[in-house]
Amino acid sequence: MAGWMILADGAIPLVITDYHAKYIAYELSRIGGAGVDRIGRALFDACVDLNPHQIEAALFALQSPISKGVLLADEVGLGKTIEAGLVLCQYWAERRRHILVIVPASLRKQWEIELSDKFNLDSIVLDAKTWKKHQENGTNNPFDKSHIIICSMHYASGRADNIKAIPWDDDLLDKLIEDQEDQTDDDTIETEASVAEVGIRSVDLKKLEAEIEELSGYIQWARSIGIDSKTKSLVKALEIGFASMAEMGAAQKVVIFTESRRTQVWLKNFLENNGHSGQVLTFNGTNADDASGKIYEDWVQSNRDSGRVSGSRQIDLRAAIIDRFKTQASILIATEAGAEGLNLQFCSAVINFDLP
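Residues numbered from 1 in each chain as written. Predicted model: local features only at pLDDT ≥ 70, side-chain atom pairs only at ≥ 80, totals over all residues. Heavy atoms only, no water.

1. Things to note about the sheet that holds strand β7 (residues 254-258)
A sheet is described by the order of its strands in space; here four strands give the open sequence β8-β9-β7-β10, paired in parallel fashion. On the outer flanks of this sheet lie β8 (280-283) and β10 (349-352), each paired with one strand and no other. Taking each pair of neighbouring strands and ignoring which way they run, the sheet shows an average axis angle of 20°. The sheet contact formed by β7 and strand β9 (residues 331-335) spans five bridges and is parallel. When the sheet's bridge partners are listed, phenylalanine 257 is paired in β9 with alanine 334. Lying on the sheet, helix α11 (residues 261-272) is in contact with β7, β8 and β9; it crosses β9 at an angle near 165°. This element, helix α13 (residues 313-327), spans β7, β8 and β9 of the sheet and lies at about 155° to β8. (Pairing = 2+ DSSP bridges. Helix = DSSP H or I, 4+ residues; strand = E, 2+ residues; numbered from the N terminus. Axes fitted to C-alpha atoms, helices over the stretch in contact; angles between N-to-C directions. Contact = heavy atoms within 4.5 Å.)

See the structure below:
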């Protein structure tokens, strides 16, 4: 037996079978359901290898009794972007068309690519240039579009009145971390103190010689220590870990987090000289070294026609290092603040070197 479907754009009749009617009824009934059924469509559409904790986080976000929203606070690299993407994908499936994503400026392009590649969701990145283009095309308020809108916190604050005018279905704030260690000299305001009085003081040569001798003793003592127990444990853990990954068929990818860039450089040199030559990359807020520059140039050249090059060196350098790590290296040593926003879900192990 056939039925009728009345379309809203002119009441054009469409004949459907009982089978199709049952299928459509099921599709309609599962929109806005409960439990895993609530994100059934999001799970179906996602082109990503999901982990149980990510599904649980997405369910919590959709079911949370906290009406004002939720905070997704997993460790770096465990897939907060994936969790948020599942929620956005489900909202989109529920016909919610006013969704705002506010992220650090350096992550705008990455979010656009991730939503497209992993969830088949189209989005618009709004900045001064694209805002002007949309207005030239007749859109008075580009935030008022039936798309997922991505913008930076700075740009959102400047367009607060335009944002307030929109009845948002969902707004996502990707956390902003200010890393004091990774700030460049250009971002630092230095204040010169005036010297009111300069005196000439005599140097006590005997005291100076005694201090030099004391420092020489400290240096000899430090050199006699050799490799500390933590570093020895790290080498052993990597050996065991890589063996287990090979046995399980897992990707031999390890991320080591440290808070100090000096420790980062030391660890890289040590691991390179102890069985991991050519397999270690570093990632921090600047990556101004020559090796990172060469990785960046190679990446730009190979992705020139792919649409992935954003034109921002800072953004593209992040993507270049992660791509190199994913395809050619096995160990990434990163500062925690520098690695914020990176997609490291393909890694098999995470080590925090600074923990006691």
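2. Observations regarding the pairing of β9
Within a regular strand, side chains alternate between the sheet's two faces. For β9, the tally of buried residues reaches five of five residues, placing the bulk of the element in the interior. The side-chain alternation of β9 yields two buried faces, one formed by Ile331, Ile333 and Thr335 and the other by Leu332 and Ala334. Examined bridge by bridge, β8 and β9 share four bridges and lie parallel to one another. The residue of β9 that forms the bridge with threonine 282 is isoleucine 333. (Buried < 20%, exposed > 50% of the residue type's maximum accessible area, 1.4 Å probe, protein only.)

3. Side note on the nonpolar core
Among the nonpolar cores identified, the biggest contains 22 residues, and Leu88, Val101, Trp111, Leu115, Phe119, Leu121 and Ile150 are the most heavily contacted of them. For this core, the secondary structure elements donating two or more residues are α3 (52-63), α4 (80-93), β3 (99-103), α5 (108-119) and β5 (148-152). Here the element with the most residues in this core is α4; it accounts for seven residues. Filtering out sequence-adjacent residues up to four positions away, isoleucine 150 remains in contact with Val101, Val103, Arg108, Trp111, Glu112, Leu115, Ser123, Ile124, Val125 and Leu126. Membership of the second largest hydrophobic core comes to 20 residues, among which are Ile295, Tyr296, Trp299 and Leu344. (Core = buried A, V, L, I, M, F, W, Y, C linked by side-chain atoms within 4.5 Å.)

4. A short note on the packing of aromatic side chains
Scanning all chains against the criterion turns up five aromatic pairs. Taking the centre distance of 6.2 Å and the plane angle of 85° together, the rings of phenylalanine 143 and tryptophan 168 count as edge-to-face. Pair noted here: phenylalanine 143 is in the loop between α6 (128-136) and β5 and tryptophan 168 is in the loop between α8 (160-164) and β6 (170-173), with a separation of 25 residues, a long-range link. Summarising the aromatic geometry, the rings of tryptophan 266 and phenylalanine 270 are spaced 5.4 Å apart at their centres and angled 10° between planes, so their arrangement reads as stacked. (Phe/Tyr/Trp six-rings, centres within 6.5 Å; stacked < 30°, edge-to-face > 60°.)

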